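Given next are the chains, with one letter for each unit.
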Amino acid sequence: MAVNTDMLVFFVNGKKVCLRNVEPETTLMAYLRRDLGLTGTKNGCDEGSCGACTVMVSAYNRDSGRIVHKALTSCMVPICTLHGLAVTTTEGIGSLATGLHPVQERIVKFHGTQCGFCTPGMVMSMYTLLRSNPNPTRKQVSDSLHGNICRCTGYRPIMDAFWTFSKETCCSPENGGCCQDTDLSCPQGNSAGCCRGQPAKLTDISSLSLYDPTQEPIFPPELQVEGLCENLVCFRGRRVTWYRPVTLSQALQIKSENPDAQIASGCTFLAQQLKTCVQEVIVIDISGLKELKSHEIKNGVLMLGAGLSMADLIDLSDHGDLAEVSLVQAVPKVLESWGSQLKNSATLGGHIMLRGARYDLMPLLVAGDCFALVASKADAERKIQLKEAFLRDSNPLKPCEILISVGVPCAQKFVQTFKVAKRKHQDLASLSAAFFLGISPSEKLKIDDAQITYGGNIPSLIVPVETTKFLAGRKVSEEMIGEAMLALQSELLPFEGKGLSKTQSLWAQGFLSKCLLELIAGNQQGDRVTTNEQPDIYKSCQIFEIDQEGTFSKLKAVGQPLTHSTGEEQATGEAVFIDDIPMTVGELYMYPVLSTQHHAKITGVDLSEALSMPGVHGYIDHKDVPGVNFVFAEYADEELLATDTVHHCGQIICGIVATDRDTAVSAAQCVKVTYEDLTPVILTIQAIEAKSFLGLPWRVTRGNLEAGFAQSDEVLEGELSTKGQKHIYLETLGALSVPRERDQIEVYTGTQLCHTLQIAVAEVLGVPAHNVVVKVKRIGGGFGGKESRSLLPSMITALAARKFRRPVRCIFNRKDDTLINGGRHPSLARYKVGFTKEGKIIALQTMLYTNGGITKETSNSVIKLAVIRGESCYNIPNVLVEGRVCRTNHSSHASLRGFGCPQMLWIVENILTAVATHLSLQPHKVRELQLYKEGETTITNCFLENFKLPKCWEECKSLADFDKRSQLVKEFNSTNKQRKRGLAIQPMMFGIGIYDKFLNQAGALVHIYTDGSVLVTHGGCEMGQGLHTKIKQIASDTLGISFDKVLVSETCTNMVPNATATVASVSTELNGRAVHAACITLVERLRPFREADPQAGWEKWVSAAYFSRVSLSTTGFVSYGDFGFDFDTCKGPDCMYLTCGVGCSEVEVDCLTGEHKLVRTDIVMDVGRSINPAVDIGQIEGGFVQGYGYYMMEEVVHSPEGKLLTDSPLTYKIPLAADIPAQFNVALLKNNLNDKGIYSSKGIGEPPLLLALSVYLATHDAVKSARVERGLSEVFYLEHPSIPANVLKALN
Ligand SMILES: Cc1cc2nc3c(=O)[nH]c(=O)nc-3n(C[C@H](O)[C@H](O)[C@H](O)COP(=O)(O)OP(=O)(O)OC[C@H]3O[C@@H](n4cnc5c(N)ncnc54)[C@H](O)[C@@H]3O)c2cc1C
Ligand code: FES
Ligand code: FES
């Protein structure tokens, strides 16, 4: 079939786009960002797994006359699929100039933006839901966000913002405002106080605009008229030819002429393939074929069109005529964990054609005895039984065939499906199952016939035929369940070791047991066994004080819950991140070539193919380094560009420079590097045996250890280990370097280390530091990950910019970023603890080893802090804590929020738990017994004055109703066999102030312009933590002007030199003081003019000063605190003050699968007098959820050969909105002053992460209860992280 290249026509934000020459593999995201400059659509992963690129795609359905709106991840949408459709991005719904859309406004006003990188995607997911359903339920709102990740906020404020669009929500303008301020009854059924915040609120509901669905932009009328989509079209690119037939016969004709053609259905898999494929490809896009989107029942078989999307399948379960088809009724449960974007695009046909055991619908379709109907031009349609053909490796379709529909027998059965995964939502199954049981109509609970299929992370689906034979004809009873499980166990035995692990076998048995128990339980109340659903309704409460006088006003900013200073820019997509900076004339793109070996000699680098590609300008390698070829010249332990040896996978060898990103990336992939493997290759803490270390041990000690152990009644020894954690900030590492005159260079990047980066670039270029200007506008999430590793893109682009005398940009793709940035250090600790019979710990000796990766970087600083917190918050008289960093052939492990403390606290709390278990004491009593008190001194010589931890402990117990709930947990556990609850309360304290004394300094520059506006520059970087917002508050209050008059500039090294890194939760403390000092100087300069005319006002005083030739610009500088810890003498103190907090969590563990549900968390935090309660609560919630990920969900996995397998959000699962505590209460300690903190506040960024350990401890508690009931020992090890597999291991 010969077809010319057609015009691709679609609309973007109401404007028509007509493209004649299109490259079909181009994704919508790339087109929006690169060609239309709509950079509000963010690139967080480029593989459909983060949601940052979400847009709304709308279509007109001619048959129904309806316009259908879908949220889609634009990075998975090939541009040609948009023919005849309309796209809306965040820029299309509201802007700073035209006014924010209510969705944008609410996410800002509810403090749902921190770094802002995820924000446009969140906005578009919610917006699309509203366009389809202006009155969603709270559950529909929650479900719409399963496909969007946020690493900063902890989701609670985003959910609160978006729930206001639901009728079921109180505190919503559409529902009349807060029921406490009106006569309305609370839709959430809350009678005591406001649902959010008592009595103060973080958001002024009355300031919110009403949502009016009638004011939305209309669908382009041109797309509603007949013509555009009624004909076959073809788009020919250089590599890909894209056919878009409109009838099945056209599609079959094209397929018969092009048997190798790929079929594009939902494209969630194909789009990714097209991005990387280098051969010529023909694609047949079947998404417009009506024949494949229908359903009908014929001869007792439901035929489902292969083109039906997962969202369509869910909708079918509501069709009255399908109420009796059990399989269709089971679909919503199977798919409920999917993100809306994936449900909207993935199709039944595409899902089946992937033929993988991991895909969720496969067990259901196979157990349900479904068949595929395939068609070709030449032959008659034929049936393929899924069970037979789709369990094999080879494709059962002939080259000319297309899957057109799926036959589902209309049987009425008892159907149950189960899935266990590391994360409940949008995660491929570790194990899944579908059960179809035919129940006897005459005899209760008797099974007539059974079908079972297991799927998940196993080589192929398993159908346990013998077990189904065992079940057939039997009546279900508790005894029979035991026998059935034994039958299954023996049937699965041959699979163990052949792809089915012991844990998976246990899950398989657990699922069978759950299914049969559900059958017994029917719909009765009682010991329900399915626990993996979170509740629909989440509750939260934020308790804080506010200066009543200034609530929500623009004066007296300090202490107010003001919104993020650039929140509106973030929500409308106008906030500019590195890759959003418009390209300048002559700009080039660079992409690095990375080592694929752990330790090897480079024997050759063949660049010929890469350099011959059109658009490639050249390359850089170590020979292009005019200065020092080390990342850190100080340590000289990691070459920036490898010379002849590589020491870890991901090390940069060279970089390819081209006209654009796609060319640079493809060319970099064509570089052939040959290696000769070297030994040793050390990957784990086996480094201890190999004596491979990075530096000497660090040690903190007090008392007399030997005497301590001698005095102890009991002594325990053990070994504990933690795994790593990846940062997954949403904006990956990147930089744009622009050469200026005479070897000067400007670097635009996202770093937490402006000054260090400036020096590093100067050193690699061999120029003085004053030649290098580093500018940071904002960072799309940092968490420590944009410290040392952030130097890399800046250094290599600076080298390339110098070589080619052109601006050069480089943004790492997600997988390379995750590989290059080692993340949190895995650790191993050996301990010995001595204690009395009452549980008082007398002596503790801990030796901590961390896996530092290949270089020193921050590893020694991290382990020093871990050692400093080696006793956590417990007063132990005799202590020796040592720490040592191991050198391994991994990318350097670096800083990650908490800086060594998350590992150390996990170890300490496990030791305390072991002591409590050994003595049969309650863990919280043992904790209480050792808790530090006012007037005591820590091991690092911190004298505890104005010490708030005991108060936090008491208030948290009271907020959480700890004693009563402990009792309730006991009662629950005594009446439930398969589910156990656990409750734990845990303290934490974190030193504020950097133990390297010299780093506690900061500078600022403040200008007042003649119109009275103020520009503040300081040395800290804004990465979502609200630093610039707090700085604005400090500046405006110190100057006595409104918040709006102050603008905080980008951070740049030519404005504020030698700035300390934005780390260690100390940035507001340091930079705030410097800004305050500068503002005080200016206030003094203006004093005469103020006194001369007190009524004149700010602008007039400024003007008078200017005309009197008084300088309206000044610097501020602070050298903060008299402290610093000396490891040689063990003299401190290590910090200026301590931020304290206590967390209490309750979980419910499913004892058959090891999954848990986070029932409730209460946190009481001492933040002094908060400068901004909304920002501080945001840090607490966000830090807690990131910590929850670390302790309970996120697992870094390497292959046996050491390859990183979890290198993106697709494989490395971080918490989603659905994972946050069902009840999440955060209270800031009231009447609380801190005379050592700026405006009496306290540093907050890192400490709250540590309180997520309470979830791990609660899980431990629940597992213990199950073990006791089963007659197992109370002493057990719950491995880190507590993913279901590890919990199950501990249970058995
Ligand atoms: C971010 C992300 C998260 C995911 N999470 C999950 C998850 O939690 N659980 C899960 O089960 N799956 C998950 N998946 C996988 C998902 O289920 C599949 O990608 C999807 O079902 C494929 O459907 P599609 O219509 O998009 O297929 P496409 O990408 O369009 O096609 C897939 C393959 O099938 C072929 N094909 C498609 N239709 C036909 C047809 N009618 N006839 C013949 N060949 C055809 C195509 O040529 C292609 O080779 C995830 C995928 C992504 C991207
Ligand atoms: S960038 Fe598209 S989902 Fe992450
Ligand atoms: S605000 Fe969501 S990722 Fe930063």
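Criteria and cut-off values
The numbering scheme is per chain: residues are counted from 1 as the chain's sequence reads. The order in which chains are written sets their letters, starting at A; the order in which ligands are written sets their numbers, starting at 1. Totals for whole chains, interfaces and linings use every residue, but because this is a predicted model, local features are given only for residues with pLDDT of at least 70 and side-chain atom pairs only at 80 or more, for both listing and counting. To get the side-chain values, all heavy atoms of the structure are used, and hydrogens and water are removed first. Here, nonpolar core refers to any group of buried Ala, Val, Leu, Ile, Met, Phe, Trp, Tyr and Cys residues whose side-chain atoms link them within 4.5 Å. Residue exposure (1.4 Å probe, protein chains only): buried if accessible area is under 20% of the type maximum, exposed if over 50%, otherwise partly exposed. Whether two residues touch is decided by their heavy atoms; if any such pair falls within 4.5 Å, the residues are in contact. By convention in these notes, a residue is near a molecule or strand provided one of its non-hydrogen atoms lies within 4 Å of it. Polar contacts, as counted here, are pairs of nitrogen or oxygen atoms within 3.5 Å of one another; within protein the pair requires one atom able to donate a hydrogen and one able to accept it, and residues that are adjacent in sequence qualify only if both atoms are side-chain atoms. Areas reported as accessible are Shrake-Rupley estimates using a 1.4 Å probe. Residue values count occlusion only from the protein chains shown. Secondary structure follows DSSP: runs of H or I at least 4 residues long count as helices, runs of E at least 2 residues long count as strands, and numbering of each begins at the N terminus. Amino acids are sorted into nonpolar (Ala, Val, Leu, Ile, Met, Phe, Trp, Tyr, Cys and Pro), charged (Asp, Glu, Lys and Arg) and polar (every other residue, Gly among them). Between any two strands, at least two bridges found by DSSP are needed for them to pair. Note on definitions: salt bridges are taken to be side-chain nitrogens of Lys or Arg within 4 Å of carboxyl oxygens of Asp or Glu. In predicted models, pLDDT denotes the confidence assigned by the predictor to each residue on a 0 to 100 scale. All axes are obtained by fitting lines to C-alpha atoms, using only the stretch in contact for helices, and the reported angles, taken between N-to-C directions, cover 0 to 180 degrees. To sort the angles, those under 35 degrees are grouped as roughly parallel, those over 145 as roughly antiparallel, those from 65 to 115 as roughly perpendicular, and the leftovers as oblique. Left-handed describes a crossing in which the near helix is turned anticlockwise from the far one by less than a right angle; the clockwise case is right-handed. Here a cavity means grid points, on a 1 Å grid over the protein atoms only, where a 1.4 Å probe fits yet cannot get out; a pocket means an open set of points with protein on both sides within 12 Å along at least five of seven lines; lining residues are those with an atom within 4 Å of a point. Grid points are joined across faces, edges and corners, and a volume is the space filled by probe spheres set on the points. Two rings belonging to Phe, Tyr or Trp (six-membered ring only in the last case) form a pair when the distance between their centres is within 6.5 Å. Interplanar angles under 30 degrees mark stacking, angles over 60 mark edge-to-face geometry, and anything in between is tilted.

Y155, F162, L361, L364, Y454, L471 and L516 are the most contacted members of the largest nonpolar core, which totals 342 residues. Non-local contacts of L361, meaning those with residues more than four positions away in its chain, are made with M310, L313, V331, V334, L335, L348 and H351. One finds V22, C80, F235 and A264 within the second-largest nonpolar core, a separate group that totals 31 residues.

Now for the site of ligand 1. I263, C267, T268, T347 and D360 are the nearest of the 33 residues found near ligand 1. Between ligand 1 and H351, the relevant distance is 2.9 Å, taken from an oxygen atom to a side-chain nitrogen or oxygen of the residue. Within the backbone of D360, one N or O atom sits 2.6 Å away from an oxygen atom of ligand 1. Relative to its unbound accessible area of 980 Å², ligand 1 is 94% covered by the protein chains. At the level of secondary structure, the elements contributing two or more residues to the shell around ligand 1 comprise β8 (262-264), α11 (348-353) and β14 (402-409). Of the residues that constitute the shell around ligand 1, the class distribution is 17 nonpolar, eleven polar and five charged.

What follows covers the pairing of strand β36 (residues 1014-1018). Of all five residues that make up β36, five are buried, and the element is covered over most of its length. Of the two faces of β36, the one carrying V1014, V1016 and H1018 and the one carrying L1015 and T1017 are both buried. Direction of pairing for strand β35 (residues 1001-1008) relative to β36: antiparallel, over a ladder of five bridges. Looking at β36, one finds that A1004 is bridged to H1018. Pairing between β36 and strand β37 (residues 1046-1048): three bridges, direction parallel. When the sheet's bridge partners are listed, V1014 is paired in β37 with V1046.

The next thing to look at is unusual backbone geometry. With an omega dihedral of 0°, the bond running from G1132 to P1133 counts as a cis peptide bond. Secondary-structure assignment places P1133 in the loop between β39 (1113-1119) and β40 (1137-1150). In this model, H1280 is joined to P1281 through a cis peptide bond whose omega is -10°. Positioned with a positive phi, R355 is a non-glycine residue whose angle comes to about 55°. With respect to the helices, strands and loops of the structure, R355 is situated in the loop between α11 and α12 (361-367). On the accessibility criterion, R355 (23% relative accessible area) is partly exposed.

When the charged atoms of two side chains lie near each other, side chains of opposite charge can form a pair. Within this structure, the stated rule accounts for 65 salt bridges. With a shortest N-O distance of 2.9 Å, K957 and E928 are connected by a salt bridge. Here K957, found in helix α27 (residues 949-960), pairs with E928, found in helix α26 (residues 923-930); they are 29 residues apart in sequence, far enough to count as distant. With relative accessibility at 13%, the residue K957 sits in the buried group. What makes E928 partly exposed here is its relative accessible area of 25%. A network of salt bridges, in which partner residues are shared, links R965, R979, R981, E1146, E1148, K1157, R1160 and D1162.

Turning our attention to the confidence of the model for the chain. Averaged over all residues, the pLDDT of the chain is 94; the fraction at 70 or higher stands at 96%. Across residues 523-534 the pLDDT falls below 50, and counting only partners more than four positions away or on other chains, this stretch makes 33 contacts in the model.

For the rest of this paragraph, the subject is the packing of helix α2 (residues 102-109) against helix α5 (residues 156-163). When two helices pack together, their arrangement is given by the angle between their axes and by how far apart the axes lie. Direction vectors running N to C along α2 and α5 enclose 140°, while the axes themselves pass 8 Å from each other. As far as their axial angle goes, α5 and α2 are oblique. Between α2 and α5 lies a crossing of right-handed hand. Mapping the contact onto sequence places V103, R106 and I107 in α2 and I158, A161 and F162 in α5. Grouping the amino acids of the contact of α2 with α5 by side-chain chemistry returns five nonpolar, no polar and one charged.

Further remarks concern empty space enclosed by the protein. Summed over the entire model, instances satisfying the criterion amount to eleven cavities of 30 Å³ or more. There is about 110 Å³ of room inside the largest cavity. Broken down by class, the residue content of the lining of the largest cavity amounts to three nonpolar, eleven polar and no charged.

What follows is about the side chain of T164. Tracing the chain through its elements places T164 in the loop between α5 and β6 (233-236). A polar contact is formed between the side chain of T164 and the backbone oxygen of A161, at a distance of 2.5 Å. Aside from chain neighbours lying at most four places away, what touches T164 is R106, F110, T169, C171, S172 and E174.

Looking now at the pairing of strand β12 (residues 371-375). Taken across its five residues, β12 has five buried, putting it largely inside the fold. On β12, burial covers both faces: F371, L373 and A375 on one face and A372 and V374 on the other are all buried. Note that β12 and β14 share five bridges and pair antiparallel. What sits directly across from A375, in β14, is I402. As judged from the four bridges shared by β12 and strand β13 (residues 382-385), these two strands associate in the antiparallel manner. The residue bridging V374 from the neighbouring strand is R382, located in β13. Two successive antiparallel strands, β12 and β13, enclose a turn made up of six residues.

Here we come to the environment of Y538. Looking at the secondary structure, you find Y538 in the loop between α16 (502-521) and β18 (539-543). Discounting residues that sit within four places of it in the chain, Y538 has contacts with R138, W163, A1217, A1218, I1220, P1221 and A1222.

As a further point, take the environment of A1218. By the secondary structure assignment, A1218 is in the loop between α32 (1173-1193) and β42 (1223-1228). It is 38 Å that separates the C-alpha atoms of A1218 and S595, two residues lying 623 residues apart in sequence.

Here we take up the packing of aromatic side chains. Scanning the entire structure with this criterion turns up 17 aromatic pairs. Centre to centre, the rings of F165 and Y211 are 5.9 Å apart; their planes meet at 90°, and the pair counts as edge-to-face. Note that F165 is positioned in the loop between α5 and β6 and Y211 in the loop between α5 and β6, a separation of 46 residues in sequence. Residue Y211 is classed as buried on the basis of its relative accessible area of 10%. Ring geometry for F1184 against F1224: centres 5.3 Å apart, planes inclined by 50°, an arrangement best described as tilted. Of the two residues, F1184 is situated in helix α32 and F1224 in strand β42; the sequence distance between them amounts to 40 residues.

This paragraph deals with the sheet that holds strand β32 (residues 841-851). Taken in spatial order, the five strands make up an open sheet running β25-β33-β32-β31-β26, and their pairing is mixed. The open sheet has two free edges, formed respectively by β25 (698-702) and β26 (714-722), since each of these has just one partner strand. Taken pair by pair, the neighbouring strands of this sheet meet at an average axis angle of 10°, ignoring direction. Pairing of β26 with strand β31 (residues 827-835) involves nine bridges; the strand directions are antiparallel. Within β31, the residue paired with S721 across the bridge is L828. In this fold helix α25 (residues 901-918) packs onto β26, β31, β32 and β33 (878-886), with an angle of close to 145° to the strand it touches most, β26.

The strand order β6-β7-β9-β8 describes an open sheet built from four strands, whose pairing is mixed. The open sheet terminates on both sides in strands that have one partner only, identified here as β6 and β8. Mean inter-strand twist for the sheet, computed between neighbouring axes without regard to direction, equals 20°. The pairing of β8 with strand β9 (residues 281-285) spans three bridges and is parallel. Bridge pairing in β9 places Q262 opposite V283.

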